[in-house]
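Chain residues, written in single-letter form:
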Amino acid sequence: MGFKVAVVGATGNVGREMLDILAERTFPADEVVAIASRKSQGVEVTFGEKTLKVKALEHYDFSDVDICLMSAGSAVSKEWSPKIAAQGAVVIDNSSCWRYDADVPLIVPEVNADAVVGFRKRGIIANPNCSTAQLVVALKPLHDKARIKRVVVATYQSVSGAGKDAMDELFEQTKAVYTLGEIETKKFPKRIAFNLIPHIDVFMEDGYTKEEWKMVAEIKKILDPKIKLTATCVRVPVFIGHSEAVNVEFEEPITVDEAHDILRKAPGCLVIDKHEPGGYITPYECAGEDATYISRVREDSTVENGLTFWCVSDNLRKGAALNAVQIAECLINRKLISAKRKAA
Ligand SMILES: NC(=O)c1ccc[n+]([C@@H]2O[C@H](COP(=O)([O-])OP(=O)(O)OC[C@H]3O[C@@H](n4cnc5c(N)ncnc54)[C@H](OP(=O)(O)O)[C@@H]3O)[C@@H](O)[C@H]2O)c1
């Protein structure tokens, strides 16, 4: 028998993508259950050729669930992940709730799959922030070659990273611009249509935002605590796909040709880098794709061993749902979990 998988947050942006990815990859599940808040009970969501009726989290018994893919925000995860783990399911969580807990592994399978065994302490595995996931996929092979000292990154993050209500807000505001209607701001602090906002998540004491702080903390936990990183995170009026302008300073020399070669062979990366109009990838083109795309690799001659590049990925896939499913596959492939029903 296969595994029983619960998707908590199944009506959301990430949850729906998780269901699609489980179906696309013919994940070895005998049963998949869709779970959300009480208000969504009975709503139908698509899972491959089937539809699933959503169940309410508060009434759900997880005792026969093997894997719980959780994407319902930090507050829900804080309350529910330990309870679900106590019922014997491994929780793979997409919120920021557990990422910085020393007893919870923070995993991007292409980068630090071996750390997944740490799930045994709490029964929880964390997914990184969407901007971190694509960045570490690109940085890991370069770090292995030339040791990264410092990274300066500016992100251009799509509205889907802020959930389904944020996508509706961009849509409604854009419509209002064309129909001379009133522009309402709810989810974002300023208008996002035909604009951009240099502020994601709350402000910290030092003037950075929590989104920027997350990239620093997460890259250290996943890749190397010695790497220094400074980020500016910006929300842009794009529906799906996060972009990053990345500047990296290395310990050792590394040429553009070497970086191209390394990134072409690296798991999860695709290099599209022609010096001509359109010879690079934009977020619109990466939507629905699994890869982290690298373009515009060039030498930064203002520092000793510097490279600059452009990095784009679908934030709902590699930045969240795909990464979570890959972690689940990693647990299964490494035989770290077995199906409860088979054992019975
Ligand atoms: N979007 C991204 O790119 C991205 C990337 C990495 C991580 N994440 C994280 O993933 C999580 C979900 O993000 P999202 O973009 O999918 O948000 P979303 O579109 O707003 O969806 C939120 C989901 O959580 C469910 N939910 C909310 N309160 C609940 C409750 N009390 N009990 C059960 N379910 C509840 C919602 O169900 P109802 O429809 O019933 O309210 C919905 O299914 C967040 O923690 C986010 O930070 C997102």
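Here, the structure is the one placed above.
Quick notes on the rules
Residues numbered from 1 in each chain as written. Predicted model: local features only at pLDDT ≥ 70, side-chain atom pairs only at ≥ 80, totals over all residues. Heavy atoms only, no water. Axes fitted to C-alpha atoms, helices over the stretch in contact; angles between N-to-C directions. Helix = DSSP H or I, 4+ residues; strand = E, 2+ residues; numbered from the N terminus. Parallel < 35°, antiparallel > 145°, perpendicular 65-115°, else oblique. Left-handed = near helix turned anticlockwise from the far one by under 90°. Contact = heavy atoms within 4.5 Å. Nonpolar A, V, L, I, M, F, W, Y, C, P; charged D, E, K, R; others polar. Salt bridge = Lys/Arg side-chain N within 4 Å of Asp/Glu carboxyl O. Buried < 20%, exposed > 50% of the residue type's maximum accessible area, 1.4 Å probe, protein only. Pairing = 2+ DSSP bridges. Near = heavy atom within 4 Å. Polar contact = N/O pair within 3.5 Å; in protein donor to acceptor, adjacent residues only side chain to side chain. Areas by Shrake-Rupley, 256 points an atom, 1.4 Å probe, with all protein chains shown as cover. Right-handed = clockwise from strand over helix to strand, strands pointing away. Phe/Tyr/Trp six-rings, centres within 6.5 Å; stacked < 30°, edge-to-face > 60°. Core = buried A, V, L, I, M, F, W, Y, C linked by side-chain atoms within 4.5 Å.

1. Examining the packing of helix α1 (residues 13–24) against helix α9 (residues 317–333)
Two numbers describe how α1 lies on α9: the axes approach to 9 Å, and their chain directions differ by 50°. Between α1 and α9, the interaxial angle falls into the category oblique. The handedness of the crossing between α1 and α9 is right-handed. Residues Val-14, Glu-17, Met-18, Ile-21, Leu-22 and Glu-24 of α1 lie in contact with α9, whose contacting residues are Arg-317, Ala-320, Ala-321, Leu-322, Ala-324 and Val-325. Per-class residue counts for the contact of α1 with α9 are nine nonpolar, no polar and three charged.

2. Here we look at the pattern of salt bridges
For the structure shown, the criterion picks out 21 salt bridges. Notably, a salt bridge pairs Glu-44 with Lys-53, separated by 3.3 Å at the nearest N-O pair. The class of Glu-44 is partly exposed, set by a relative accessible area of 48%. For Lys-53, a relative accessible area of 53% gives the class exposed. Beyond isolated ion pairs, a larger network of salt bridges with shared partners links Glu-17, Glu-24, Arg-25, Asp-290, Arg-317 and Glu-329.

3. As for the sheet that holds strand β10 (residues 228–235)
Judged by pairing direction, the sheet is mixed, and its six strands sit side by side in the order β10-β9-β11-β14-β13-β12 without closing on themselves. A single partner strand is all that each edge strand has here, and the edge strands are β10 and β12 (269–271). Geometrically, the sheet is characterised by an average inter-axis angle of 25° between neighbouring strands, direction not taken into account. Here strand β13 (residues 292–299) pairs with strand β14 (residues 306–313) via six bridges, running antiparallel.

4. Thoughts on the site of the ligand
Neighbouring residues of the ligand: 26 residues in total, closest Thr-11, Ser-37, Lys-39, Ser-40 and Lys-164. Within the contact set of the ligand, an oxygen atom lies 3.0 Å away from a backbone nitrogen or oxygen of Gly-12. The separation between an oxygen atom of the ligand and a polar side-chain atom of Lys-39 is 2.8 Å. Contact with the protein chains hides 79% of the accessible area of the ligand, taken as 900 Å² for the molecule alone.

5. Re the pairing of strand β1 (residues 3–8)
By the criterion of burial, β1 is predominantly enclosed, with six of the six residues buried. Relative to strand β2 (residues 29–36), β1 is paired through six bridges, and the arrangement is parallel. Within β2, the position partnered with Val-8 by the bridge is Ile-35. Handedness of the crossover is the feature at issue here: the chain leaves β1, passes through α1, returns alongside β2, and the resulting connection is right-handed.

6. Describing the packing of aromatic side chains
For the structure shown, the criterion picks out four aromatic pairs. Judged by centre distance (4.9 Å) and plane angle (70°), the rings of Tyr-100 and Trp-213 are edge-to-face. With Tyr-100 in the loop between β7 (90–93) and α3 (109–112) and Trp-213 in helix α6 (residues 210–222), this residue pair connects regions lying 113 residues apart in the sequence. On the basis of relative accessible area, Tyr-100 is assigned to the partly exposed category, the value being 31%. Residues Tyr-178 and Phe-194 carry aromatic rings whose centres are separated by 5.9 Å and whose planes lie at 80° to one another, so their mutual orientation is edge-to-face.

7. Structural notes on the sheet that holds β7
A sheet is described by the order of its strands in space; here six strands give the open sequence β5-β2-β1-β6-β7-β8, paired in parallel fashion. Where the open sheet ends on each side, the last strands, each with one partner, are β5 (55–56) and β8 (124–126). In this structure, β7 lies alongside β8, joined through three bridges in parallel fashion. Residue Asp-93 lies in a different strand from β8, and its bridge partner there is Ala-126. Its contacts with the sheet put α1 on β1, β2 and β6 (67–70), and the angle it makes with β1 is roughly 155°. α9 rests against β1, β6, β7 and β8 of the sheet, and its axis sits at about 150° to β7.

8. Here's the deal with the pairing of strand β11 (residues 242–250)
The side chains of a regular strand alternate between the sheet's two faces. Taken across its nine residues, β11 has eight buried, putting it largely inside the fold. Across eight bridges, strand β9 (residues 148–157) lies against β11 in antiparallel orientation. Bridge pairing links Tyr-156 to Ser-243 in β11. Bridge count for β11 against β14 is eight bridges, and the pairing is antiparallel.

9. Focus: the nonpolar core
One broad rule of soluble globular proteins: the nonpolar side chains tend to lie buried together. Core analysis: the largest hydrophobic core is formed by 56 residues, its most contacted members being Phe-62, Ile-84, Leu-139, Val-151, Val-246 and Phe-309. Ranked by residues supplied to this core, first place goes to helix α4 (residues 130–146) with seven residues. Setting aside its immediate chain neighbours within four residues, Phe-309 contacts Ala-138, Leu-139, Leu-142, Glu-244, Ala-245, Val-246, Val-248, Ile-294, Ser-295, Arg-296, Val-297 and Arg-298. Val-5, Val-14, Ala-324 and Leu-331 belong to the second-largest nonpolar core, a separate cluster that totals 40 residues.

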